[in-house]
Structure formats: C-alpha cells, structure tokens
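Given next are the chains, with one letter for each unit.
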Amino acid sequence: MAKTASLSRGQRRVQRALEVAPGALTWTILIAPVVASFVFAPYIALAIFVIDIYWFIRTGTVVVGIRTTYRRMKREMQEDWWQRCLAIAVGPGTLDPRRIVHAVLIPTYTEPYEILRETVRAIADADYPTENKVVAIITRESDRPGWDNVRRLQEEFGGRLRAFFHIKDPLLPGIVVGKSAAMAYGGPVLRRELEAMGLDPKDVIVTDLDSDFRVHRQYFAYVTHHYVQDRQRLDCVFQPIPMFHNNLWRVPFAVRIMASACTQWQMFLSSRPDRLVAFSSYSMSLDLVIKADYWDADVIPEDSRFYWKSFFATSGQLKMVPVFLPIYGDAPEASDRGMPWERVKTHANQYNQIKRWAWGVSDIPYVTVRLLRHAEIPLWLRARRYGYMVFNHLTWTTLPVLLLFGAALPRLLQEDWNLATAADRLALYAFILINIAFLNIAALILVERRINPPMPRSWGFFHQMWAYLQLGLYPIVGLLFSVLPALEAQTRLMLGMYLEYKVTEKVAEGPVKGTA
C-alpha cells in the first residue's frame with residue numbers, strides 16, 4: 001500500500017474512496033442479479049445470456065492466442081540466439097550485442113540452498129558470454145543462513161560470471177517487507193556497483209528474477225537480439241512466459257491446475273502485447289529502472305507497480321515485448337506430504353499466492369490519480385490501459401460466479417419466469433454455448449501435453465490420462481483458488497484491512513508421489 005502519512009486529509013479521502021471503489025463495484029455486480037431477479041427476472045436472464053455469449057467468444061479468442069504463442073515458442077526455442085546476435089550488422093540505431101551486460105537481481109528470504117543453486121546455475125549455464133553476466137542476490141541483513149547460501153554460491157559460480165554481488169537489505173523503517181521493498185533497496189546498490197565497473201546504464205539489461213525461477217538457456221541472447229535492434233529499447237520491458245514446471249508433478253492436482261491456468265493465461269497475453277503487464281520475472285534496461293525511480297518500498301505487488309511507474313516515467317511510451325521463451329518456476333508447495341486432501345499447507349500457499357497477485361487491485365488508486373496528472377499521454381492510451389486493468393480485476397471476481405450461478409437465479413427467485421417458455425429456450429441456448437466453450441479445454445490439454453515436463457516413470461497410462469483430464473475441473477478449482485482469494489483481496493482493500501506480505505514456502509526437489 002502507498003503510504004498515507006504524507007497525504008493531506010483531502011488526499012486521504014480520495015485514496016480511501018478509490019480503495020473502496022473496486023470492491024464495492026464487485027459486490028454490487030454480484031448482489032444486484034440476486035435482488036433484481038425478484039422483479040426483473042427476464043432482463044436479468046437476458047443479461048446473463050449476453051455474458052454467456054461474451055464468454056463463448058472470449059474462450060475461443062484465448063485458445064487461438066495460446067496456440068499462436070505455442071507455435072511461436074516452438075520456433076524461437078530452436079534458434080541459436082547468440083549466433084543471431086553475432087550476425088547483426090552494427091550501425092546507426094543498432095548496438096553491438098557484445099556490449100550488452102545482463103545483471104540479474106534476485107531477492108531471497110528463507111529459500112533453501114538447493115533452489116537458489118539451480119536458479120544461479122541456470123544463469124551460469126545460459127548461452128551468453130561469461131563476461132557479460134552479473135548476478136546480485138539480496139538477503140536480509142539479519143538472515144545469516146542466507147549469507148552462507150550466497151557465499152557458497154559465490155564460491156561455486158563466481159568464476160563463471162563477470163561479477164557476483166551480495167546485497168544485504170537492512171529493512172529500513174517505513175517499508176512493507178517483501179519482494180518490492182527488497183528490490184527497492186537492491187536496485188540502487190546494484191546501480192552503484194555496475195557504474196563502479198564502468199558500465200553505461202544503456203548497455204545493461206536488468207532482470208528482476210524470482211528466487212525459484214530458472215531462465216531458459218537462450219533467454220539472455222534472445223532479449224539482447226531484440227534489445228540492440230529496437231530503437232525504443234530504453235523504454236522496453238521484456239516479459240518471458242512463466243511455466244511452473246520445476247515441481248509440477250509433486251504438487252496436488254488443484255495446484256497443478258492453477259499452475260497450468262496461469263501459464264496459459266500468460267501465453268494468451270503474449271499474443272496481445274497491448275494487454276501485457278510485467279509479471280513475476282521480467283527484464284528492462286538499467287536506464288529505465290533509473291528513470292522509473294526503481295521499485296516502491298511500500299507495496300506488495302512489485303511487478304504491476306513497476307510497470308505503471310515505468311508507464312508514467314516514459315509518458316506512456318513504455319513498450320511491452322513478449323519473450324517467446326519459457327522461464328521455469330515452482331508451483332506453490334509446502335513441506336506437507338500425503339494425498340491431496342492431506343496437503344493443507346500446500347493448498348493454503350496456493351490460495352495466498354493468488355491473493356497476493358490479486359492485491360494488484362491496490363494499484364487502482366495509484367494509477368487513477370496519475371492518469372489525471374499525465375495529460376501528455378494520449379487520452380485513448382490512458383483510457384485503454386486503465387480500462388484493461390479495471391476490467392481484468394472486475395471480471396476476475398465476478399465473471400466465473402455469474403457464469404456458474406447467474407442463469408439459475410431468475411428461475412429460482414421468480415416463479416412466473418421459471419414457467420415461461422422463453423426461460424426454457426434461453427436456458428437451452430446458454431447450456432449449448434457454455435458446453436461448446438468448455439470443449440476448448442480439450443485444445444488446452446493438447447497444449448499442456450506438449451509443454452509440460454515428462455511425467456514420473458512410475459505413473460501408468462491411466463494415471464497420466466487422469467492427470468490431464470483433471471484440467472476439466474478448472475471451473476471448480478478456479479472458484480476456490482482464484483475467484484475467492486481475489487474477492488478476499490478486493491474486500492480487504494475496500495474495508496481497509498491491508499494485506500501483509502507472506503513469504504511462500506519453497507521446498508527443494510524430492511521424490512514424486514501421492515500427487516494425483
């Protein structure tokens with residue numbers, strides 16, 4: 001949350017009104033059909049049918065976008081991007097790729113050494129010159145086990161990198177402890193270290209990398225290839241596609257379904273750069289990091305907030321560049337073991353992770369005020385980006401509920417409409433539309449089979465088929481682990497019950513069992 005201590009009384013009123021608005025609008029949308037169905041049942045039924053039509057069209061659009069991204073990823077993953085970098089003709093407007101240094105900033109707290117080691121190893125193994133790779137790990141000043149982890153990593157991988165920095169965050173007063181605050185402290189420290197090495201911020205690409213994410217071998221070369229040729233390079237944010245594959249077959253099916261849904265949604269957004277926003281791990285020039293004044297120390301959603309800071313710092317010229325390569329992360333998991341219904345902590349971690357992502361709704365007050373101040377940004381651009389943000393948060397919490405329960409409300413609450421022939425006809429049309437839309441799940445399962453890592457050898461044919469058929473349970477799983485945490489986030493913001501950052505437990509690799 002933005003600090004309110006420095007705001008005037010009038011500014012605080014505006015801030016609170018804008019915090020209340022999203023949750024109030026969501027609850028109005030959810031409650032209104034129930035109340036209105038007693039009097040206006042036919043109109044409510046028709047409105048729900050229009051929503052069904054929208055969902056039918058949207059589902060088809062998303063599937064097409066996902067498949068388009070998948071085909072693009074297949075092509076891009078087969079390229080040798082460093083060789084393509086070396087083939088670039090340097091000239092006016094095109095930089096020499098060999099000048100570009102990648103600096104990876106990794107905030108950590110309580111991560112097991114084994115997870116951090118795999119993250120750093122992927123960086124060291126990437127097909128990019130050793131002298132052009134820098135790693136900086138942020139630990140808390142009080143985190144002595146974290147110090148030991150960094151020291152061990154420096155001993156093992158220091159020789160395979162140009163530099164390996166350890167940044168110790170003292171947790172300054174007034175911050176909201178979490179990833180964004182760590183990045184806010186580590187960013188300026190990294191800049192000083194890089195400038196001491198004689199590097200120009202325009203020649204440095206900074207990657208904000210989650211501690212459990214492993215970059216693709218071609219990632220740095222891919223980003224460099226596009227960066228050096230883009231005349232708008234200093235205003236670009238490069239967004240890879242997160243795939244939660246590191247522990248996919250260890251987690252319960254509900255967590256696996258949410259991991260797949262998140263990956264496929266990001267794949268769709270990569271086909272629509274106009275809707276893409278920085279998410280989880282991403283890259284940009286050090287020059288843009290400085291221009292945006294780094295990350296905010298008093299917020300939880302560091303990625304979306306950095307996007308908006310960059311958007312305003314560049315007067316709306318910010319360009320989101322999809323990276324058609326995967327970046328591999330962990331699905332939420334706890335140390336509990338057993339059958340799915342026994343893994344309460346793991347499911348709680350999943351719920352809390354989505355709630356933390358949904359807390360991006362707290363950006364709405366920040367963005368609303370600044371959109372009014374930045375008149376130099378074209379009105380159509382401000383309206384479109386703002387509309388996407390508000391629409392995404394509203395449909396996140398309302399659309400699935402209306403789709404699952406909305407059609408039944410008018411018939412349950414008004415007997416006359418329930419007996420009408422028009423009600424039967426409308427219900428039939430809605431049933432057909434929704435079921436055709438759900439057939440698209442089959443297309444998504446085919447994509448999942450192609451992008452997922454191999455299943456454990458101990459899993460037989462029927463076990464493997466069941467693992468994919470479980471994706472059909474998304475409407476139920478999504479309601480519990482996506483809609484509800486998002487609704488809680490919006491309600492908390494509305495009531496002023498601000499969210500506190502909770503570190504998601506990370507579990508080192510182990511045997512796969514009991515994860516059906």
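Relevant structure appears above.
Rules used in this analysis
Residues numbered from 1 in each chain as written. Predicted model: local features only at pLDDT ≥ 70, side-chain atom pairs only at ≥ 80, totals over all residues. Heavy atoms only, no water. Helix = DSSP H or I, 4+ residues; strand = E, 2+ residues; numbered from the N terminus. Rg over C-alpha atoms; globule rule 2.2 N^0.38 Å. Buried < 20%, exposed > 50% of the residue type's maximum accessible area, 1.4 Å probe, protein only. Salt bridge = Lys/Arg side-chain N within 4 Å of Asp/Glu carboxyl O. Pairing = 2+ DSSP bridges. Axes fitted to C-alpha atoms, helices over the stretch in contact; angles between N-to-C directions. Parallel < 35°, antiparallel > 145°, perpendicular 65-115°, else oblique. Left-handed = near helix turned anticlockwise from the far one by under 90°. Contact = heavy atoms within 4.5 Å. Nonpolar A, V, L, I, M, F, W, Y, C, P; charged D, E, K, R; others polar. Disulfide = S-S within 2.5 Å. Core = buried A, V, L, I, M, F, W, Y, C linked by side-chain atoms within 4.5 Å. Patch = residues over 30% accessible without salt bridge, like charges linked within 9 Å, V, L, I, M, F, W, Y side chains within 5 Å. Areas by Shrake-Rupley, 256 points an atom, 1.4 Å probe, with all protein chains shown as cover. Expected span 1.5 Å × (residues − 1). Bend = angle between axes of the 7 residues up to and from the residue. Phe/Tyr/Trp six-rings, centres within 6.5 Å; stacked < 30°, edge-to-face > 60°. Lys NZ or Arg CZ within 6 Å of the ring centre and 35° of its normal.

Novice: Help me understand the overall build of the chain, please; the structure alone is not making it clear to me.
Specialist: Scanning the chain for helices and strands turns up 18 helices and 8 strands. The C-alpha atoms of the chain give 24 Å as radius of gyration, which agrees with the globular expectation for 516 residues (24 Å, within 12%). Each of the three principal axes of the chain carries a C-alpha extent, and together these read 80 × 65 × 50 Å. The buried share of the chain, taken over its 516 residues, is 55%.

Novice: Explanation requested: the pattern of salt bridges in the structure shown.
Specialist: Side-chain pairing between opposite charges can occur once the charged atoms of the two side chains come close. Under the criterion given, the structure shown has 29 salt bridges. For the salt bridge of Arg151 with Glu155, the shortest nitrogen-to-oxygen distance reads 3.3 Å. Residue Arg151 and its partner Glu155 are both found in helix 5 (residues 144-157); the two are separated by 4 residues, about one turn of the helix. Among the residues examined, Arg151 registers a relative accessible area of 39% and is labelled partly exposed.

Novice: What is the right way to look at the pairing of strand 2 (residues 133-140) in this model?
Specialist: Along any regular strand the residues' side chains alternate between the sheet's two faces. Of all 8 residues in strand 2, 8 are buried; the element is thus mostly enclosed. Burial along strand 2 is two-sided: the residues Lys133, Val135, Ile137 and Thr139 and Val134, Ala136, Ile138 and Arg140 are all buried. Sheet analysis places strand 2 next to strand 3 (residues 163-169), joined by 7 bridges and oriented parallel. The partner of Ile138 across the bridge, within strand 3, is Ile167.

Novice: Whenever I open this one, the packing of helix 11 (residues 344-358) against helix 18 (residues 474-495) confuses me. Can you help?
Specialist: The relative placement of two packed helices is expressed as an angle between their axes plus a distance between the axes. Between helix 11 and helix 18, whose axes approach to 8 Å, the crossing angle comes to 50 degrees. In terms of orientation, helix 11 and helix 18 fall into the oblique class. Read as a crossing pair, helix 11 and helix 18 show a hand that is right-handed. Contact residues: His347, Gln350, Tyr351, Ile354, Lys355 and Ala358 in helix 11; Leu480, Phe481, Ser482, Leu484, Pro485, Ala486, Glu488, Ala489 and Arg492 in helix 18. Taken together, the residues of the contact of helix 11 with helix 18 break down into 9 nonpolar, 3 polar and 3 charged.

Novice: Sorry, what's going on with the state of the cysteines here?
Specialist: Put plainly, a disulfide is one covalent bond tying together the sulfur atoms of two cysteines. Following the criterion strictly, the structure yields 0 disulfides and no others. As a non-bridged cysteine, Cys85 has Cys236 as the owner of its nearest cysteine sulfur, 15 Å distant. Taking relative accessible area as the criterion, Cys236 reaches 0% and is therefore assigned buried.

Novice: Explanation requested: the pairing of strand 4 (residues 204-208) in the structure shown.
Specialist: Summarising burial for strand 4: 5 of the 5 residues are buried, a large majority. Burial of the side chains of strand 4 extends over both faces: Val204, Val206 and Asp208 are buried on one face and Ile205 and Thr207 on the other. Pairing between strand 1 (residues 101-107) and strand 4: 5 bridges, direction parallel. Opposite Ala103, over in strand 4, you have Val206 as the bridge partner. Sheet topology places strand 4 next to strand 7 (residues 282-285); 4 bridges connect them, and they run antiparallel. Opposite Asp208, over in strand 7, you have Tyr282 as the bridge partner.

Novice: Explanation requested: the sheet that holds strand 5 (residues 214-215) in the structure shown.
Specialist: Where strands meet in a sheet, backbone hydrogen bonds hold them as pairs that are either parallel or antiparallel. The strand order across the open sheet built from 8 strands is 3-2-1-4-7-6-8-5, with neighbouring strands paired in mixed fashion. Both edges of this open sheet fall to strand 3 and strand 5, since each of them pairs with a single strand only. Contacting strand 1, strand 2, strand 4, strand 5, strand 6 (236-243), strand 7 and strand 8 (319-328), helix 7 (residues 219-229) runs over the sheet at an angle of about 165 degrees to strand 8.

Novice: Got a minute to help me understand the nonpolar core in this structure?
Specialist: In a soluble, globular protein the nonpolar side chains are often hidden away together inside. If you look at the biggest cluster of nonpolar residues, it comprises 128 residues, and the most contacted ones within it are Ile123, Leu190, Met284, Trp295 and Phe311. Ranked by residue count, the leading element in this core is helix 8 (residues 253-270), at 9 residues. Beyond its immediate sequence surroundings of up to four residues, Phe311 is in contact with Gly316, Leu318, Leu371, Ile377, Leu381 and Arg385. By size, the runner-up hydrophobic cluster in this structure holds 8 residues, among which are Trp417, Ala423, Ala430 and Leu433.

Novice: I'm lost on a nonpolar patch on the surface in this one. Help?
Specialist: The grouping of Ile53, Phe56, Ile57, Leu428, Tyr429, Phe431, Ile432, Ile436 and Leu439 at the surface amounts to a nonpolar patch, some 850 Å² of accessible area in total. Sorting the residues of the nonpolar patch by element identifies helix 2 (41-77) and helix 16 (421-451) as the ones contributing at least two each. Ranked by residues supplied to the nonpolar patch, first place goes to helix 16 with 6 residues. Considering the arrangement of structural elements, one finds Tyr429 in helix 16. Under the relative-accessibility criterion, Tyr429 is labelled partly exposed at 41%.

Novice: When you look at helix 11 in this model, what are you seeing that I'm missing?
Specialist: Structural remark: α-helix, 3.6 residues per turn; residues separated by three or four positions point the same way. Between its terminal C-alpha atoms helix 11 stretches 21 Å, which fits the 21 Å expected from 15 residues at 1.5 Å a residue. Of all the residues in helix 11, the buried ones are Thr346, His347, Asn349, Gln350, Gln353, Ile354, Lys355, Arg356 and Ala358.

Novice: Could you clarify how one ought to interpret helix 1 (residues 9-36) in this entry?
Specialist: If you check helix 1, its first and last C-alpha atoms are 38 Å apart, about what 28 residues at 1.5 Å a residue would give, namely 40 Å. Of all the bends found along helix 1, the most pronounced is centred on Ala21 and spans about 30 degrees, while Pro22, a proline, follows it within four residues. Every buried residue of helix 1 is accounted for by Gln15, Leu18, Glu19, Pro22, Gly23, Thr26, Leu30, Pro33 and Ala36. Residues of helix 1 that are buried sit in contact with helix 2, helix 12 (363-373), helix 13 (379-406), helix 14 (408-413) and helix 18.

Novice: I would appreciate a short explanation of the environment of Val369 in the present structure.
Specialist: Considering the arrangement of structural elements, one finds Val369 in helix 12. A residue is classified by how much of its surface remains accessible, and Val369, at 24% relative accessible area, is partly exposed. Placed 355 residues apart in sequence, Val369 and Val14 show a C-alpha to C-alpha distance of 9.0 Å.

Novice: I tried to follow unusual backbone geometry on my own but got confused; where do I start?
Specialist: Excluding glycine, a negative phi dihedral is what most residues carry, and trans is how most peptide bonds are arranged. The phi dihedral of Thr110 falls on the positive side, at around 70 degrees, and the residue is not glycine. Along the chain, Thr110 falls in the loop between strand 1 and helix 4 (113-125).

Novice: I tried to follow the packing of aromatic side chains on my own but got confused; where do I start?
Specialist: How two aromatic rings sit relative to each other is set out by the distance from centre to centre and by the angle between their planes. All told, the structure shown has 23 aromatic pairs when counted by the stated rule. Seen from their ring centres, Trp265 and Phe268 are 5.1 Å apart, and the 40 degrees between their planes marks the pair as tilted. Note that Trp265 and Phe268 are positioned in helix 8 at a spacing of 3 residues, about one turn of the helix. Relative accessible area serves as the criterion here: at 3%, Phe268 is assigned to the buried category. Aromatic rings pair up to connect Tyr307, Trp308, Phe311, Phe312 and Tyr366 into one cluster. Over the face of the ring belonging to Tyr109 we find Arg140, whose NZ or CZ atom lies 3.6 Å from the ring centre. It is Lys168 that lies over the ring of Trp147; its NZ or CZ is 3.8 Å from the centre.

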